[in-house]
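Overview (structure and organization)
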Amino acid sequence: MDIVKQAWDTYVAHSNDIPDHIEGVRDEIIQSWKRCKQQLDPFQKQMSFVSSDILEKKMSENALLIKIAYSYLLEFYHYLQSTEYQIFLVDKEGCQLKRIADNKQQDKFAKEKQLFDGCLYTEEKAGTNGISVCLQQKRPVMVIGSEHYLEIYHNVVCYSAPIYDFMNQIIACLLIVGPLSSFNPMIMGMLSAAVAGIEKEFELTTTNHLLNSTMESLNSAVLVLDHQQKIIHFNQQIFRVLQLSKQDLTNKSIYDIINYESLPEALRSFQEAYTNIECTLINVNQVHVDVSLTIKPQSMDSTLILIDLQNEVHRLANQLAGTTAIYTFEDIQGTSKAIENLKLLGKTIASSDQPALIFGEAGTGKDMVAQSIHNASSHKTGPFVSVNCSTVQKGYLEAELWGSGDLTDKKPGKLELAQKGTLFLVEVSNLSMDAQEKLYHFIKTNEFINPLTNYKKKLNVRILASTSKNLYALVEKGMFRQDLYYALNGLHITIPPLRERMEDVLVLSKVYVKQYSESLGIEQPMLSAESLDALMHYQWPGNVRQLESVIDCAVNASNGKEIGLNSLPLDIINDYYAEKNSLYFYASNRLEKTDSSLHPKAQEYNQILYAMKASHGNVKKAAEALHMSLSTFYRKINKYHIYPKDFEKRI
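For the structure given in this document, a descriptive report is provided here. As the structure is a computational prediction, the values presented were derived from the model and not from experiment.

Some points on the layout of surface pockets
Roughly 740 Å³ of volume is contained in the largest pocket. Around the largest pocket, the lining is made up of 31 residues, and of these Thr364, Gly365, Lys366, Met368 and Val544 lie nearest the centre. Breaking the lining of the largest pocket down by element, the ones donating at least two residues are helix 12 (337-350), helix 13 (366-375), strand 15 (422-426), helix 19 (503-520) and helix 21 (543-558). A class-by-class count of the residues in the lining of the largest pocket yields 14 nonpolar, nine polar and eight charged.

As structure tokens, then:
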């Protein structure tokens, strides 16, 4: 070490530049000296310390590491107790966290070298030392005597090693300090062994903490079983799901809390992986709790089980599927007596939990009425699940309603998903006879049988059904079960077609004009008198749905301007003019003088009709009679959809 001391005297203690290589001095020491010489006095005797607040914060942040490392430090210290060596735990930023020493000689040495908790051993604050070189090199090192940049440490030897976490990041360092006279290179081996033990226990503990945190963050209850199906671990959610205490689960078998018979035979060993298998668990009060199990066998002969309440699983499925009723009776528009009576009867039906049947032609709004009944019923907080029986093939309807798949990929049926809510069967007449029989059984018993496991459970589901057909006629033809018909038809409601309540056309038209104008962000257009007249005289075979579609198209075509007759579909315009034509043909054969009280367009329309009749459809003669050019006359008859052939002489 005389060579190192001589180099320190030559290059560190004096102003000579430090070369990149000095014979007998390690390169990492030389490089550290060079960095220190730019910022640090090698003869300084006062060390730097963090404040008590910062030290307290660091102790808190490293509490787990300190707890784990402390037992290893104590054990290691027993080997060094008779010496002047001391052991330190230093954080990754070079701050001393913990010192292990218990005799006066060691305390005196620590005081002399200022080795107190909170001391900073970074290169910027303490120069070249065991910790600064260890953090720089990221490996175990020794710094001996004059290798230290500060002269105060020239009679000291440092042994240090980094502590890594499972992510291979340095989290701290272990440091052993003693007088140079007690130098013993064998200590490095003991130091490395202590660090290995700390790293292993820290990894196991942090991994376990991470696992516990992950388990506790899950909404599912979690059980971990050993190879004998004994419960060895669980999270807090298990207490909510099963209403059990820790003592109730400790040293228990999975079969102590699960109804063995409710499990499919293939699952009873818990050796195979399955997802969302429904069964019954039993709480301390012997109450059966319907749950969904996911089984995931792990390595080391253990099994992970995730447990969810079935209603929570179904609620999530319903949220993803958007099974929510949005309409109420207030949304059903119209001022007719028929609509007022419909709302009153609908609210009466809503007050019952019995099945109900909704009759109505296509487009009358059966779905809106069904949603309104649901939202006014005791089931309104539950899901509203709709199945259109006319769009699902009969062979698949049973699977749609009662579930399908296998144990590894089970798809719950709509009946289960409607638990505590309403199941709405659209066009119920399309159900197969087998599905009708199962539906009738459910209505009478509220009993659901899992098609995969034959597991039975009670459901609380309100059944609503709709049809546009004469169900009783289908019963007489043997195409619909009579018992199901009477079970559904105990409560029923009929939605009148739009043609039987024409006073609602004006109300609905204005509602739809406002709705679609706002959605397009345009000024609300007005309906012309002529277009309103056409809408009011149309028979509306597609009912309210057709009217809404017509207004939607008309608003888009209007661009915020008036909705005229030409904005309406051709079939409505043709019907409108056909009615006017029929009135004309019952009129006098004589060309009459038009009524000056009529609207100018109506006058023009009548004049053209009379001219065409008088000329028997001769366009040229009719145009001359009205003093119009031929091109103008053609434009006007096209505008009013007047056809010359309708006025030709019949032989």
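Next, the rest of the story.
As for the pattern of salt bridges
Within this structure, the stated rule accounts for 16 salt bridges. A salt bridge links glutamate 93 to lysine 58, with the shortest nitrogen-to-oxygen separation between them at 2.3 Å. One end of the pair, glutamate 93, is in the loop between strand 1 (86-91) and strand 2 (96-100); the other, lysine 58, is in helix 3 (residues 52-61), with 35 residues separating them in the sequence. Taking the relative accessible area as the measure of exposure, glutamate 93 reaches 47% and is therefore partly exposed. Lysine 58 sits in the buried class, given a relative accessible area of 10%. A salt bridge links lysine 414 to glutamate 400, with the shortest nitrogen-to-oxygen separation between them at 2.9 Å. Note that lysine 414 is positioned in helix 15 (residues 414-417) and glutamate 400 in helix 14 (residues 394-402), a separation of 14 residues in sequence. Taken together, the salt bridges that share partners define one network made up of Arg26, Glu28, Arg139 and Glu147.

A word on a nonpolar patch on the surface
A cluster of nonpolar side chains, contributed by Phe166, Met167 and Leu210, occupies part of the molecular surface with about 320 Å² of accessible area. Mapped onto the elements, phenylalanine 166 comes out in the loop between strand 4 (156-164) and strand 5 (170-179). According to the relative accessible area criterion, phenylalanine 166 is partly exposed, its value standing at 40%.

A word on empty space enclosed by the protein
In this structure the tally under the stated criterion is one cavity of 30 Å³ or more. Here the largest cavity defines a volume of roughly 90 Å³. Along its surface, the largest cavity is lined by Lys113, Leu115, Tyr121, Asn129, Gly130, Ile131, His148, Tyr153, Val156, Cys158, Leu175 and Val177. Mapped by element, the contributors of at least two residues to the lining of the largest cavity are helix 7 (130-137), strand 4 and strand 5. For the lining of the largest cavity, the residue count by class is eight nonpolar, three polar and one charged.

What to know about the pairing of strand 11 (residues 356-359)
Residue alternation in strand 11 divides its side chains into two sets, Ala356 and Ile358 and Leu357 and Phe359, and both sets are buried. When strand 11 meets strand 19 (residues 491-494), the two strands line up parallel, connected through four bridges. Looking across to strand 19, one finds that alanine 356 is bridged to leucine 491.

Description of helix 25 (residues 630-639)
For helix 25, every residue scored as buried is listed here: Phe633, Lys636 and Ile637. Seen end-on, helix 25 carries its buried residues on one side only, within an arc spanning 95 degrees. Residues of helix 25 that are exposed and point over 90 degrees away from its buried face: Ser631, Arg635 and Asn638. Of the residues one or two after helix 25, histidine 641 is the one with positive phi, at around 55 degrees.

The rules behind these values
- Residues numbered from 1 in each chain as written.
- Predicted model: local features only at pLDDT ≥ 70, side-chain atom pairs only at ≥ 80, totals over all residues.
- Heavy atoms only, no water.
- 1 Å grid on protein atoms, 1.4 Å probe; cavity = no way out; pocket = protein on both sides within 12 Å on 5 of 7 lines; lining within 4 Å.
- Points joined across faces, edges and corners; volume = space filled by probe spheres on them.
- Helix = DSSP H or I, 4+ residues; strand = E, 2+ residues; numbered from the N terminus.
- Nonpolar A, V, L, I, M, F, W, Y, C, P; charged D, E, K, R; others polar.
- Salt bridge = Lys/Arg side-chain N within 4 Å of Asp/Glu carboxyl O.
- Buried < 20%, exposed > 50% of the residue type's maximum accessible area, 1.4 Å probe, protein only.
- Patch = residues over 30% accessible without salt bridge, like charges linked within 9 Å, V, L, I, M, F, W, Y side chains within 5 Å.
- Areas by Shrake-Rupley, 256 points an atom, 1.4 Å probe, with all protein chains shown as cover.
- Pairing = 2+ DSSP bridges.
- Arc of directions from axis to C-beta.

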